[in-house]
Structures are given as structure tokens and as C-alpha cells.
Amino acid sequence: QNPGDVLRKLRTDRGLTQKAVAEALNINRSTYSFHESGKTQPDFQRVTALAAIFEVPLGQMVEMLSNPEKTEQLRRRNEFPKSVGGASRDRPAPS
């Protein structure tokens, strides 16, 4: 697994398109696509914005992107809540 796989998983778990994420970042879809494919790495400012978009604490986002293998291990142990960030702002957490 690579950092791009983490971004793709976060995006698809949220039901977002590459275009939607790119628009939220104010970049071209192809630029975001390069991040998911591993051709480029997002800079810290963009990682900060991605953490907000995906509702993931910044420290956790940095750790996931710098160590994608650990992210997969957390997910397998169920320590990786749905879409990492847990409940969405639009949906309340299950009771």
C-alpha cells in the first residue's frame, strides 16, 4: 500500500469523486489524481486541507500517509473507524 491508496480509500469511503476533492482543494482533478496514483505527493498545506475534507485529525492523516502499511493494520484490527474519521458531520454517529 502507498500514500495514494490511503487517499483513494478515504475518498471512496466518503462517496466523493476525484473531481469533488479537487474542487474542494481548488486544484485540477488531474493534480489530485496524481496524488492518488503516487506520481506526486501532496505538500503539508494540501495534507492539512485533505484532513479537513476527510474529517481526519491532522496528526492521524500525516501518520497514515507516512506509514500506509500501519494504516492497513489498524483497519484490519478495526481501529480504523469508518472513513477513518468516524461519523461524518452530515450524519450523526450511530446510537
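**Regarding the overall build of the chain**
- When helices and strands are counted, the chain shows six helices and zero strands.
- Reading the chain from its N terminus to its C terminus gives the helix and strand order α-α-α-α-α-α.
- Counting every position in the chain, which comprises 95 residues, the buried fraction comes to 36%.
- Excluding contacts between residues fewer than 6 apart, the proportion of contacts in the chain whose partners are at least 24 apart in sequence is 58%.

**What about the side chain of His35?**
- Turning to its location among the elements, His35 is positioned in helix H3 (residues 29-37).
- Not counting residues within four places of it along the chain, the set of residues in contact with His35 comprises Gly4, Leu7, Thr40, Gln41, Pro42 and Arg46.

**Remarks on the environment of Asn28**
- Note that Asn28 resides in the loop between helix H2 (18-25) and H3.
- The sequence separation of Asn28 and Gln18 amounts to 10 residues, and the corresponding C-alpha distance is 9.4 Å.

**Considering the packing of H2 against H3**
- One way to put it is that H2 packs onto H3 with a least axis distance of 8 Å and a crossing angle of 110°. Classified by the angle between their axes, H2 and H3 sit roughly perpendicular to one another. Every residue of H3 that contacts H2 at Gln18, Lys19, Val21, Ala22 and Leu25 is listed here: Arg29, Tyr32, Ser33 and Glu36.
- Of the residues belonging to the contact of H2 with H3, the class tally is four nonpolar, two polar and three charged.

**Quick notes on the environment of Phe44**
- Inspection of the secondary structure assignment puts Phe44 in helix H4 (residues 44-54).
- Judged by relative accessible area, which is 54%, Phe44 ranks as exposed.
- Residues Phe44 and Leu58 lie 14 residues apart in sequence; the distance between their C-alpha atoms is 10.0 Å.
- Setting aside anything within four residues of it in sequence, one finds Phe44 in contact with Leu58 and Val62.

**Topic: H3**
- What H3 keeps buried is the set Tyr32, Ser33, His35 and Glu36. All buried residues of H3 lie within an arc of 155° about the axis, which places them on one face of the element.
- Looking at the buried side of H3, the elements it contacts are helix H1 (3-13), H2 and H4.
- Remark: Gly38 follows H3 within two positions and exhibits a positive phi of approximately 90°.

**A look at a nonpolar patch on the surface**
- A cluster of nonpolar residues, Phe44, Leu58 and Val62, forms a patch on the protein surface that exposes about 250 Å² of accessible area.
- Topologically, Leu58 is positioned in helix H5 (residues 58-66).
- A residue is classified by how much of its surface remains accessible, and Leu58, at 31% relative accessible area, is partly exposed.

Parameters at a glance
Residues numbered from 1 in each chain as written. Predicted model: local features only at pLDDT ≥ 70, side-chain atom pairs only at ≥ 80, totals over all residues. Heavy atoms only, no water. Helix = DSSP H or I, 4+ residues; strand = E, 2+ residues; numbered from the N terminus. Buried < 20%, exposed > 50% of the residue type's maximum accessible area, 1.4 Å probe, protein only. Contact = heavy atoms within 4.5 Å. Axes fitted to C-alpha atoms, helices over the stretch in contact; angles between N-to-C directions. Parallel < 35°, antiparallel > 145°, perpendicular 65-115°, else oblique. Nonpolar A, V, L, I, M, F, W, Y, C, P; charged D, E, K, R; others polar. Arc of directions from axis to C-beta. Patch = residues over 30% accessible without salt bridge, like charges linked within 9 Å, V, L, I, M, F, W, Y side chains within 5 Å. Areas by Shrake-Rupley, 256 points an atom, 1.4 Å probe, with all protein chains shown as cover. Salt bridge = Lys/Arg side-chain N within 4 Å of Asp/Glu carboxyl O.

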